[in-house]
Amino acid sequence: MKNLHNLLMLALFTPALYANTPVQPLPLSPQLAYQLVESLTTEVGPRIAGSPGDRASVQWATSQMKSLGFDKVWTEEFVTPYWQRGQARLEVLTPFPQSLVLTALGGSVGTPANGIDATVVQFDSLEALLAAKPEQVKDKIVFINKAMTKDRAGSQYGKVVGARAKGAVDAARLGAKALIIRSVGTSANRFAHTGKMSYDPAVPKIPAVAISAPDAQQLARILQKAPEAKLKLQMDNQQTEDAISHNVIGEITGSERPDEIVLIGAHLDSWDQGTGALDDGAGVGLVMATAALLKKEGQPKRTIRVVLYGNEEGGLVGARAYAARHAKELSKHVLASESDFGAGRIWRFETRFGASALPFAKQIQQQLAPLGIEAGGNDAFGGPDVSVLKALGVPVVTLEQDGTDYFDYHHTPNDTLDKVDPAALEQNLQAWLIMTRAVANSALDLRK
Ligand SMILES: [Zn+2]
């Protein structure tokens with residue numbers, strides 16, 4: 001039945017259905033970024049890679065770019081895994097029967113049909129699990145209960161996300177039956193945060209889920225009172241390896257140096273439960289609006305290329321496809337930068353330029369200063385998709401966004417348009433316009 005259902009869904013949601021959907025032309029105003037996020041999240045909604053929503057988002061982006069006056073618009077296909085969430089249920093069986101709020105981690109296998117019943121062994125971090133002995137873990141459910149704190153730069157994410165990314169492999173290596181993590185997030189709301197997890201072909205694949213922060217606290221209390229508490233996990237996910245997705249690319253052609261590319265990007269895919277307003281609808285709106293509004297000012301000297309990457313969430317799949325396809329052209333990428341940290345205000349400008357381009361970085365920062373943007377260092381990240389290009393020598397910048405609340409919503413059903421503050425997004429857009437305008441109209445080699 002599942003396969004028949006999938007076929008039916010495919011037939012119902014072929015791109016052809018969307019191809020002739022008329023696009024409401026949006027005015028080229030300072031509110032354009034917000035209007036694009038509104039349009040994407042309302043008309044497309046969730047768009048996990050390989051899904052009907054993903055295909056709809058590709059149609060949406062190409063239609064919008066054409067409507068906004070981009071000089072060239074095209075798509076680039078790549079093959080990607082397509083993971084589908086099924087039903088999931090986590091219950092405390094004894095001694096305090098109750099359900100816990102959970103979400104499957106992206107890429108996780110399901111359980112056998114009748115579920116997994118087991119006792120739990122709790123660790124306060126991935127490192128503590130790594131130090132455990134097999135006899136502590138064998139045939140149990142591993143629970144990694146590590147809280148995340150918030151700050152403007154989101155600096156704690158990297159310290160917590162390891163449990164999500166590789167906890168299932170480390171737990172299975174010690175003989176665990178399943179993995180539960182406390183959500184990688186900063187909200188006290190009862191939403192669980194999903195996100196990509198990975199397997200190692202040499203280690204058995206065990207199911208992996210996240211529970212909300214209040215549920216993690218609840219489970220910890222239960223285990224304190226009843227260390228032999230028994231849990232039951234039932235989950236039904238599906239994955240196919242050879243789905244199709246696309247990067248969507250649009251250009252404003254340079255008037256003097258059309259072969260020199262200023263790449264500004266975001267990712268078009270989102271997780272499946274929210275509408276991906278913060279992650280990364282806001283970024284999509286920002287970079288599309290930046291290119292369209294700069295064209296309205298007159299053709300830039302260099303080409304501005306907007307790349308809307310597919311399947312960032314599944315592990316930079318579109319970013320790697322782009323880098324491979326454009327390998328011969330990378331020396332002509334004068335700059336790459338990505339917006340993928342929500343919709344907050346820009347507060348810091350960071351570069352990764354050659355030494356002789358640093359006075360130019362200072363000039364850009366001085367133009368950004370009236371927006372309240374401070375100078376950062378010369379070791380910019382650039383963004384997740386763009387980090388692939390950075391590793392190949394392309395100069396990058398980061399317009400660093402205020403991410404204080406970003407991980408309250410990140411990868412939850414609660415990542416929706418109402419979390420986007422139009423005034424903050426407009427400040428953000430102004431910063432993108434200043435930075436992109438400066439680089440696109442310069443002749444400077446930022447590598448040197
Ligand atoms: Zn993202």
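Calculation rules
- Residues numbered from 1 in each chain as written.
- Predicted model: local features only at pLDDT ≥ 70, side-chain atom pairs only at ≥ 80, totals over all residues.
- Heavy atoms only, no water.
- Helix = DSSP H or I, 4+ residues; strand = E, 2+ residues; numbered from the N terminus.
- Rg over C-alpha atoms; globule rule 2.2 N^0.38 Å.
- Buried < 20%, exposed > 50% of the residue type's maximum accessible area, 1.4 Å probe, protein only.
- Contact = heavy atoms within 4.5 Å.
- Lys, Arg positive; Asp, Glu negative; His and termini not counted.
- Charge placed at Lys NZ, Arg CZ, Asp CG, Glu CD.
- Expected span 1.5 Å × (residues − 1).
- Salt bridge = Lys/Arg side-chain N within 4 Å of Asp/Glu carboxyl O.
- Pairing = 2+ DSSP bridges.
- Axes fitted to C-alpha atoms, helices over the stretch in contact; angles between N-to-C directions.
- Donors = N, O, S within 2.8 Å, 3.2 Å for Na, K, Ca; no water.
- Tetrahedral: all angles 85-135°; square planar, octahedral: opposite > 155°, others 65-115°.
- Core = buried A, V, L, I, M, F, W, Y, C linked by side-chain atoms within 4.5 Å.

(A) Expanded view of the overall build of the chain. A tally of helices and strands in the chain yields 14 helices and 16 strands. For a compact globule of 448 residues, the expected C-alpha radius of gyration is about 22 Å, and the chain comes in at 23 Å, within 12% of that figure. For the chain, the C-alpha atoms occupy an extent of roughly 70 × 50 × 40 Å along the three principal directions. Taken across its 448 residues, the chain has 57% of its residues classed as buried. Counting only contacts in the chain whose residues sit at least 6 apart along the sequence, the fraction spanning at least 24 positions is 83%. Here the chain contributes 45 positive and 47 negative side-chain charges, whose respective centroids are spaced 3 Å apart.

(B) Structural view of helix α8 (residues 213-225). Its 13 residues place the ends of α8 19 Å apart at the C-alpha level, agreeing with the 18 Å of an ideal helix rising 1.5 Å per residue. When α8 is considered as a whole, its buried residues turn out to be A213, D215, A216, L219, A220, I222 and L223.

(C) Representation of the pattern of salt bridges. Applying the stated rule across the entire model yields 24 salt bridges. Two residues, E76 and R325, come together in a salt bridge whose shortest N-O distance is 3.7 Å. Highlighted residues: E76 in strand β1 (residues 72-84) and R325 in helix α10 (residues 317-325), separated in sequence by 249 residues. A salt bridge links D418 to K419, with the nearest nitrogen and oxygen atoms 2.7 Å apart.

(D) How the structure looks around the sheet that holds strand β4 (residues 102-104). The strand order β3-β2-β9-β5-β6-β7-β8-β4 describes an open sheet built from eight strands, whose pairing is mixed. Strand pairing shows two members of the sheet lacking a second neighbour, β3 (98-100) and β4, which therefore form its edges. Across the sheet, the mean angle separating the axes of adjacent strands is 35 degrees when strand polarity is ignored. Against the sheet, helix α7 (residues 157-173) engages β6 (141-144), β7 (178-182) and β8 (208-211), with an angle of about 150 degrees to β7. Lying on the sheet, α8 is in contact with β2 (88-94), β3, β5 (116-123), β6, β7, β8 and β9 (230-235); it crosses β3 at an angle near 135 degrees.

(E) Examining the coordination of the zinc ion more closely. H267 (NE2), D279 (OD), D340 (OD) and D340 (OD) make up the full set of protein donors to the zinc ion, lying at 1.8 to 2.7 Å. For the zinc ion, the four donor atoms in the first shell make angles of 52 to 149 degrees at the metal, so the coordination geometry reads as irregular.

(F) Molecular detail of unusual backbone geometry. The step from T94 to P95 runs through a cis peptide bond, and the omega angle for that step is 0 degrees. Residue placement: P95 occurs in the loop between β2 and β3. The omega angle of the peptide bond from D279 to D280 is 5 degrees, so this bond is cis rather than trans. The topology assignment puts D280 in helix α9 (residues 277-297). The phi torsion at L316 lies on the positive side, around 55 degrees, for a residue other than glycine. Mapping L316 onto the fold places it in the loop between β12 (302-309) and α10. A positive phi angle is found at H411, which is not glycine, with a value near 65 degrees. With respect to the element layout, H411 can be found in the loop between α13 (406-409) and α14 (422-440).

(G) Quick look at the nonpolar core. V142 and L308 are the most contacted members of the largest nonpolar core, which totals 95 residues. In terms of residue count, α9 provides more of this core than any other element does, twelve residues in total. If you look at the next biggest cluster of nonpolar residues, it comprises 28 residues, including L102, A104, I222 and A229.

In short, the description is geometric, and any link to function would need to be established separately.
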